[in-house]
Amino acid sequence: MTLEELKDLVKINLGIQESDKDLIILDVIQECLNYCNLKEPPAELEPLIRRKVKAIIDYETETGGSSVFDVTSIKEGDTSITYNTDEISRETIYGLSEKDKQALMRFRRLRR
């Protein structure tokens, strides 16, 4: 399966008509391919990529994509900032979480 075919399949399954989400979809596909050391994506990756893209779209819809999600509290007297270190953070939404990496392990190939 090519990148374009997988991108189109994800768009169809998510009901996305416009092309403004193409870059997000292609970025998620490329990140999965890089982690797995693959040149072309197998069709079996579509559910994982679809869920990841849906999470990014939902996150950007909820927060506008510009808020700092990783800061949970800021105290001004004596300057104290508390960061989010839970499973759900901006890094795990846009990047690959440990759960995503576990799902990708069966597709992963070693470099030679």
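Just so it is clear, the structure is predicted and the values come from calculations on it, not from any experiment. (Residues numbered from 1 in each chain as written. Predicted model: local features only at pLDDT ≥ 70, side-chain atom pairs only at ≥ 80, totals over all residues. Heavy atoms only, no water.)

Q: Whenever I open this one, the pattern of salt bridges confuses me. Can you help?
A: Side-chain pairing between opposite charges can occur once the charged atoms of the two side chains come close. Inspection of every chain in the model, using the stated rule, returns seven salt bridges. A salt bridge links K7 to D8; the shortest N-O distance between them is 3.8 Å. Note on D8: relative accessible area 37%, which makes it partly exposed. A salt bridge links R50 to E46, with the nearest nitrogen and oxygen atoms 2.9 Å apart. Here the residue R50 and the residue E46 both occupy positions in helix 3 (residues 46-63), the gap between them amounting to four residues, near one helical turn. Each of E4, K7, D8, K11 and D22 takes part in salt bridges that share partners, so that together they form one network. (Salt bridge = Lys/Arg side-chain N within 4 Å of Asp/Glu carboxyl O. Buried < 20%, exposed > 50% of the residue type's maximum accessible area, 1.4 Å probe, protein only. Helix = DSSP H or I, 4+ residues; strand = E, 2+ residues; numbered from the N terminus.)

Q: Teacher, can you tell me more about the packing of aromatic side chains here?
A: Centre distance and the angle of the planes are the two values used to describe a pair of aromatic rings. Scanning the entire structure with this criterion turns up one aromatic pair. For the ring pair Y59 and Y94, a centre distance of 5.7 Å and an interplane angle of 85° mean the geometry is edge-to-face. Of this pair, Y59 sits in helix 3 while Y94 sits in helix 4 (residues 90-94), and the two are 35 residues apart along the sequence. On the basis of relative accessibility, which here comes to 5%, the residue Y59 falls in the buried class. A relative accessible area of 28% places Y94 in the partly exposed class. (Phe/Tyr/Trp six-rings, centres within 6.5 Å; stacked < 30°, edge-to-face > 60°.)

Q: Explanation requested: helix 2 (residues 22-36) in the structure shown.
A: Because each turn of an α-helix spans 3.6 residues, side chains separated by three or four positions in sequence point in the same direction. Spanning 15 residues, helix 2 covers 21 Å between terminal C-alpha atoms, matching the ideal 21 Å at 1.5 Å per step. Within helix 2, burial applies to D22, I24, I25, V28, I29, C32, L33, Y35 and C36. Against helix 1 (3-14), helix 3 and helix 5 (98-104) lie the buried residues of helix 2. Where helix 2 ends, the next residue or the one after it, N37, has phi of about 60°, a positive value. (Expected span 1.5 Å × (residues − 1). Contact = heavy atoms within 4.5 Å.)

Q: What should I look at first to understand the nonpolar core in this one?
A: Across soluble globular proteins, you tend to see nonpolar side chains buried next to one another. Membership of the largest hydrophobic core comes to 23 residues, with the highest contact counts inside it found for C32, I49, V53 and L104. Within the residue set of this core, elements represented by two or more residues are helix 1, helix 2 and helix 3. Residue contributions to this core peak at eight residues, all from helix 2. The residues touching L104, leaving out its near neighbours within four places in the chain, are C32, Y35, C36, L45, L48 and L96. (Core = buried A, V, L, I, M, F, W, Y, C linked by side-chain atoms within 4.5 Å.)

Q: Help me understand the environment of R108 in this model?
A: On the secondary structure map, R108 appears in the segment after helix 5. Sequence spacing of R108 and L33 is 75 residues, and the spatial spacing of their C-alpha atoms is 8.7 Å.

Q: Explanation requested: the packing of helix 1 against helix 2 in the structure shown.
A: In a pair of packed helices, the angle between the axes and the distance between the axes together describe the arrangement. Two elements in contact, helix 1 and helix 2, have axes whose closest approach is 10 Å; the angle formed by their N-to-C orientations is 125°. Judged on the interaxial angle alone, helix 2 and helix 1 are oblique. Between helix 1 and helix 2 the crossing geometry is right-handed. Within the contact between the two elements, helix 1 uses L3, L6, K7, V10 and K11 and helix 2 uses D22, I25, L26, I29, Q30 and L33. Tallied by class, the residues present in the contact of helix 1 with helix 2 amount to seven nonpolar, one polar and three charged. (Axes fitted to C-alpha atoms, helices over the stretch in contact; angles between N-to-C directions. Parallel < 35°, antiparallel > 145°, perpendicular 65-115°, else oblique. Left-handed = near helix turned anticlockwise from the far one by under 90°. Nonpolar A, V, L, I, M, F, W, Y, C, P; charged D, E, K, R; others polar.)

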